[in-house]
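# Structural description and commentary
Spelled out, the chains give:
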Amino acid sequence: MTHTVFVTAPKLAQAGVDLLQTAGARVIYLPDADDVERVRAIMAREPIDAVISRTVALDAQAIAACPTLKVVSKHGVGVSNIDVAACTERGIPVYMTPGANAQSVAEMTLGLLFAAARRINWMDGELRAGRWSRAQDGLELQGRTLGLVGFGQIGQRVARVCLALGMRVHAYDPALRGTASPVADVTLWDTLDDMLPHCDVLSLHVPLNAHTRDLLNGERLARLPKGAILLNTARGEVVDEAALVSALQAGHLYAAGLDTMAVEPLPPGSPLLQLRNVVLTPHVGGSTPAALAGMAAGAARNVLGWLRGEPADAAACVNAEVLARTAVAPV
């Protein structure tokens with residue numbers, strides 16, 4: 001039986017394409033990666049069995065329009081663009097690809113850390129403008145304390161490198177409360193508010209959901225020590241952006257390194273663009289060829305496994321409650 005797989009982007013890394021082609025799947029691509037209306041239209045007219053979801057919204061209207069839909073897999077781990085509740089109501093499992101982009105995101109986090117601490121982006125701009133502006137007020141990281149909000153695969157990779165730099169590392173992750181740290185020499189905290197005053201650098205590694213939206217609000221930013229650095233390679237909406245701008249303008253925060261923003265693409269009038277102590281990248285932390293290949297292959301395996309009657313590990317399913325009451329798709 002030929003299955004139809006809809007990739008909500010113009011392309012997919014070859015590692016995923018190869019798996020789908022080998023399985024004999026018919027693959028449909030979204031011509032414009034941001035076209036929500038086209039997603040809905042394709043879902044309504046095509047007999048789609050599975051969706052590999054990239055960044056565009058896969059909303060309740062699109063899901064309801066496709067009676068043949070059996071499984072969804074995120075190309076990555078953040079499912080805030082997928083209406084998981086609508087899928088759950090239909091008994092459709094929603095998978096993700098944990099770990100596939102962890103190394104790339106961890107390396108981007110470290111790149112933003114070094115750039116923000118030493119004002120690398122600003123000095124680069126000054127040199128290109130013909131000015132020999134030798135900033136000599138950068139922060140040496142050895143001896144400082146890194147706080148990680150979320151301590152999964154990405155956070156653990158960042159922790160190991162920062163420990164090797166001579167930093168102290170703390171972490172807050174409710175899923176690890178009452179357990180030993182998975183990385184030696186990392187101090188786990190039971191509450192975020194208690195950890196914040198100890199963090200010279202704070203790095204965010206949590207999904208976007210009802211519990212994490214605006215998690216770093218003005219009050220919590222104020223709990224950080226004066227001169228702290230904030231890093232965000234998670235989701236922009238985890239931070240109250242207006243409060244972040246105020247903290248940077250007032251000098252309470254030394255700098256920020258942001259791969260994600262509350263509105264993407266970043267609007268031309270965003271105050272973040274006017275701040276010299278902010279390093280910005282366009283949400284590409286997990287977009288190296290290696291990470292894209294891993295996510296594409298993982299997402300393809302997720303949907304093909306379900307369609308073949310060989311479901312992926314339940315730990316990769318964000319609405320695992322449907323697995324107990326939903327039969328796998330017929331082969």
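Read on for a plain summary of the structure. These numbers were taken from a predicted model, which means no experiment stands behind them. (Residues numbered from 1 in each chain as written. Predicted model: local features only at pLDDT ≥ 70, side-chain atom pairs only at ≥ 80, totals over all residues. Heavy atoms only, no water.)

The next point concerns the overall build of the protein chain. In terms of helices and strands, the protein chain carries 11 helices and 12 strands. Taking 2.2 N^0.38 as the reference for a compact globule, 331 residues should give roughly 20 Å; the C-alpha atoms of the protein chain span a radius of gyration of 21 Å, in line with that estimate. Summarising its shape, the C-alpha atoms of the protein chain cover approximately 65 × 50 × 30 Å along the three principal directions. Every one of the 331 residues in the protein chain was classed for burial, and the buried ones make up 49%. Sequence-distant contacts, at least 24 apart, represent 57% of the contacts inside the protein chain between residues at least 6 apart. With 28 positive and 31 negative side-chain charges, the protein chain shows a spacing of 4 Å between the two charge centroids. (Helix = DSSP H or I, 4+ residues; strand = E, 2+ residues; numbered from the N terminus. Rg over C-alpha atoms; globule rule 2.2 N^0.38 Å. Buried < 20%, exposed > 50% of the residue type's maximum accessible area, 1.4 Å probe, protein only. Contact = heavy atoms within 4.5 Å. Lys, Arg positive; Asp, Glu negative; His and termini not counted. Charge placed at Lys NZ, Arg CZ, Asp CG, Glu CD.)

The next thing to look at is helix H2 (residues 36–45). Because each turn of an α-helix spans 3.6 residues, side chains separated by three or four positions end up pointing in the same direction. Along H2, the residues that are buried comprise Val39, Arg40, Ile42 and Met43. Angular distribution of buried residues about the axis of H2 spans 165 degrees; they occupy a single face of the element. Among the exposed residues of H2, those oriented more than 90 degrees off its buried face are Glu37 and Arg45. Lining the buried residues of H2 we find strand S1 (4–7), strand S2 (26–29), strand S3 (50–53) and helix H3 (60–64). The N-cap of H2, judged by a side-chain oxygen 3.3 Å from the amide nitrogen of Glu37 a few residues on, is Asp35. (Arc of directions from axis to C-beta. Polar contact = N/O pair within 3.5 Å; in protein donor to acceptor, adjacent residues only side chain to side chain.)

To continue, consider the sheet that holds strand S8 (residues 186–189). Here seven strands make up an open sheet; going across it, the order is S8-S7-S6-S9-S10-S11-S12 and the pairing parallel. Each end of this open sheet is capped by a strand with a single partner; those strands are S8 and strand S12 (278–280). On average, each strand axis in the sheet is inclined to that of its neighbour by 15 degrees, with strand direction left out of account. Relative to strand S11 (residues 253–258), strand S10 (residues 228–232) runs parallel, the two sharing five bridges. Considered in S11, the bridge of Leu231 is made with Gly257. Its contacts with the sheet put helix H10 (residues 241–249) on S10, S11 and S12, and the angle it makes with S11 is roughly 135 degrees. (Pairing = 2+ DSSP bridges. Axes fitted to C-alpha atoms, helices over the stretch in contact; angles between N-to-C directions.)

What follows is about unusual backbone geometry. The amide bond that connects Glu264 to the next residue, Pro265, takes the cis arrangement and shows omega of -5 degrees. Note that Pro265 resides in the loop between S11 and S12. Positive phi values are uncommon outside glycine, yet Arg119 reaches one of about 55 degrees. Relative to the helices and strands, Arg119 is located in the loop between helix H5 (102–118) and helix H6 (120–128). Note on Arg119: relative accessible area 18%, which makes it buried.

Here the focus is the side chain of Arg119. Only 2.9 Å separates the side chain of Arg119 from the side chain of Asp137, close enough to count as a polar contact. Excluding residues within four positions of it along the chain, Arg119 makes contact with Ala135, Asp137, Tyr254 and Arg276.

Another point: the pattern of salt bridges. In this structure the tally under the stated criterion is nine salt bridges. Across the pair Glu46 and Arg45 runs a salt bridge whose closest N-O atoms are separated by 3.8 Å. On the basis of relative accessible area, Arg45 is assigned to the exposed category, the value being 56%. Where Arg220 meets Asp193, a salt bridge forms, and the shortest distance between an N and an O atom there is 2.7 Å. Linking Arg220 in helix H9 (residues 218–223) with Asp193 in helix H8 (residues 192–195), this pair joins segments that are 27 residues apart in sequence. What makes Arg220 partly exposed here is its relative accessible area of 22%. (Salt bridge = Lys/Arg side-chain N within 4 Å of Asp/Glu carboxyl O.)

Time to look at the packing of aromatic side chains. Inspection of the entire model under this criterion finds zero aromatic pairs. Residue placement shows Arg119 over the ring face of Trp122; its charged tip is 4.4 Å from the ring centre. (Phe/Tyr/Trp six-rings, centres within 6.5 Å; stacked < 30°, edge-to-face > 60°. Lys NZ or Arg CZ within 6 Å of the ring centre and 35° of its normal.)

We now examine the packing of H5 against H6. The relative placement of two packed helices comes down to the angle between their axes together with the axis-to-axis distance. The N-to-C vectors of H5 and H6 enclose an angle of 65 degrees; their axes lie 6 Å apart at closest approach. Listed contacts from H6 to Phe114, Ala115 and Arg118 of H5 are Ile120, Asn121 and Met123. Residue composition of the contact of H5 with H6, grouped by class: four nonpolar, one polar and one charged. (Nonpolar A, V, L, I, M, F, W, Y, C, P; charged D, E, K, R; others polar.)

Moving on to the sheet that holds S1. The parallel open sheet is built from five strands, whose spatial order is S2-S1-S3-S4-S5. A strand with exactly one partner marks an edge of an open sheet, and here the two such strands are S2 and strand S5 (94–95). Pairing analysis gives three bridges linking S1 to S3, with the strands arranged parallel. By the bridge assignment, Phe6 is partnered in S3 with Val51. Packed onto the sheet, H2 meets S1, S2 and S3 and runs at close to 175 degrees relative to S1. Sheet strands in contact with helix H11 (residues 289–307) are S3, strand S4 (71–74) and S5, and its direction is about 165 degrees off that of S4.

So, to be careful, I would describe these as geometric facts and stop short of saying anything about function.
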